[in-house]
Amino acid sequence: MPELPEMERYRIFLEQQLIDRTVRDIEINRDKSVNLDANDFIQQIKGQQITAVHRRAKHLIFLLTSGKQLLLHLMLGGWMYYGGDADSPDRTKQVILTLGDRKLYFIGLRLGYLHLLSEPELQERLEKLGPEPFSPQFESLAFTERLSFKKGSLKSVLVNQEFISGIGNCYSDEICFDAGIRPSVKADKVTGEQAAKLYHSIKFVLSSAIKLGGYMDHPMFKGDALTGTYNTHCYVYDREGEPCTRCGSVIVKVEISSKKSFYCPGCQYE
Ligand SMILES: [Zn+2]
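Quick word on the packing of helix 4 (residues 140-148) against helix 7 (residues 192-211)
Next up, step 1: Where helix 4 contacts helix 7, the two axes come as close as 9 Å, and the packing angle between them is 120 degrees. The angle between the axes of helix 4 and helix 7 places the two elements in the oblique class. Two packed elements cross with a definite hand, and for helix 4 against helix 7 that hand is right-handed. Here helix 4 contributes Ser140, Phe143, Thr144 and Leu147 to the contact with helix 7, which in turn contributes Gly192, Ala195, Leu198, Tyr199 and Ile202.
Next up, step 2: Along the lines of polarity and charge, the residues of the contact of helix 4 with helix 7 split into 6 nonpolar, 3 polar and no charged.

Below you can see the structure in the form of structure tokens.
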């Protein structure tokens with residue numbers, strides 16, 4: 001599932017491409033991907049301009065001139081492609097937005113969705129989300145304190161969107177590796193020193209991953225050479241049986257709170 005860095009890559013690119021573009025047409029091939037009757041959805045969006053592209057946690061939000069907003073969550077398996085019919089991927093597209101001579105294709109939206117919401121509806125949908133890792137609200141001392149009250153493993157706390165938003169299975173493991181802490185440790189047993197390391201690692205790993213284009217397998221547009229570069233930069237995620245680049249020990253895979261998790265037993269401590 002795309003996490004904060006993948007969605008931020010989409011946001012940066014789509015903001016450059018879509019601002020002030022008019023939605024000329026909409027094709028809905030899967031009614032369940034949208035929240036309104038298809039005709040109503042199309043009617044409310046056709047002719048609208050996109051005035052901004054925001055990200056909150058793993059969502060993207062497209063602002064329209066009407067004041068309504070499109071809330072996108074790609075969930076597991078969803079992705080987007082920006083281009084034309086000649087170069088678009090040979091895949092089923094659940095929703096297609098035509099913007100001038102280009103199209104934005106939404107692909108693999110099985111659990112993912114594109115919902116048209118008013119501002120209050122949007123706020124309600126997002127209100128339970130925890131702080132954004134790069135916002136001023138995500139503050140080191142508060143993070144340490146909140147962590148000390150959490151039950152369960154560090155892994156399950158890091159992927160808890162109400163605790164902190166945007167982190168999923170891959171980056172939670174990479175963050176724990178960077179901080180030298182096992183993802184299986186109980187959150188309330190994490191020391192102040194470890195929490196300070198984690199706080200730093202959250203920002204460092206996520207910002208590095210944004211710069212490296214995240215881990216999405218699919219390019220965003222024709223000639224896109226950056227998206228997915230982070231795949232080859234993972235230190236532990238999906239590297240079971242491979243040597244640790246830091247200490248040479250073999251990376252192991254375990255199950256924590258029914259989530260697969262990877263870590264190095266040689267240099268990640270309890
Ligand atoms: Zn190691």
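Some words on a nonpolar patch on the surface
Next up, step 1: On the surface, a cluster of nonpolar side chains totalling about 300 Å² of accessible area is made up of Met1, Leu76 and Leu111.
Next up, step 2: Inspection of the secondary structure puts Leu76 in the loop between strand 4 (69-73) and strand 5 (79-83).

A look at unusual backbone geometry
Next up, step 1: The backbone of Met75 sits at a positive phi, close to 50 degrees, despite the residue not being glycine.
Next up, step 2: Positionally, Met75 belongs in the loop between strand 4 and strand 5.
Next up, step 3: In this structure, Ser257 takes a positive phi of about 50 degrees despite not being glycine.
Next up, step 4: For Ser257, the position within the fold is in the loop between strand 9 (252-256) and strand 10 (259-263).

Brief notes about the sheet that holds strand 8 (residues 113-117)
In a beta sheet, neighbouring strands pair by backbone hydrogen bonds and run either parallel or antiparallel.
Next up, step 1: Taken together, 4 strands build an open sheet; the order of strands is 2-3-4-8 and the sheet is antiparallel. Every interior strand has two partners, whereas the edge strands, strand 2 (50-56) and strand 8, have only one. Pairwise comparison of adjacent strand axes, ignoring direction, gives a mean angle of 20 degrees for this sheet.
Next up, step 2: The sheet contact formed by strand 4 and strand 8 spans 5 bridges and is antiparallel. Within the sheet, the bridge partner assigned to His73 lies in strand 8 and is Tyr113.
Next up, step 3: Its contacts with the sheet place helix 1 (residues 4-18) against strand 2, strand 3 (59-64) and strand 4, and it is angled at close to 170 degrees to strand 2.
Next up, step 4: Together, strand 3, strand 4 and strand 8 form the strand contacts of helix 2 (residues 38-45), whose direction differs from that of strand 8 by roughly 65 degrees.

What counts and what doesn't
Residues numbered from 1 in each chain as written. Predicted model: local features only at pLDDT ≥ 70, side-chain atom pairs only at ≥ 80, totals over all residues. Heavy atoms only, no water. Axes fitted to C-alpha atoms, helices over the stretch in contact; angles between N-to-C directions. Helix = DSSP H or I, 4+ residues; strand = E, 2+ residues; numbered from the N terminus. Parallel < 35°, antiparallel > 145°, perpendicular 65-115°, else oblique. Left-handed = near helix turned anticlockwise from the far one by under 90°. Contact = heavy atoms within 4.5 Å. Nonpolar A, V, L, I, M, F, W, Y, C, P; charged D, E, K, R; others polar. Patch = residues over 30% accessible without salt bridge, like charges linked within 9 Å, V, L, I, M, F, W, Y side chains within 5 Å. Areas by Shrake-Rupley, 256 points an atom, 1.4 Å probe, with all protein chains shown as cover. Salt bridge = Lys/Arg side-chain N within 4 Å of Asp/Glu carboxyl O. Pairing = 2+ DSSP bridges.

Take it as geometry only, folks, not as evidence of what the structure does.
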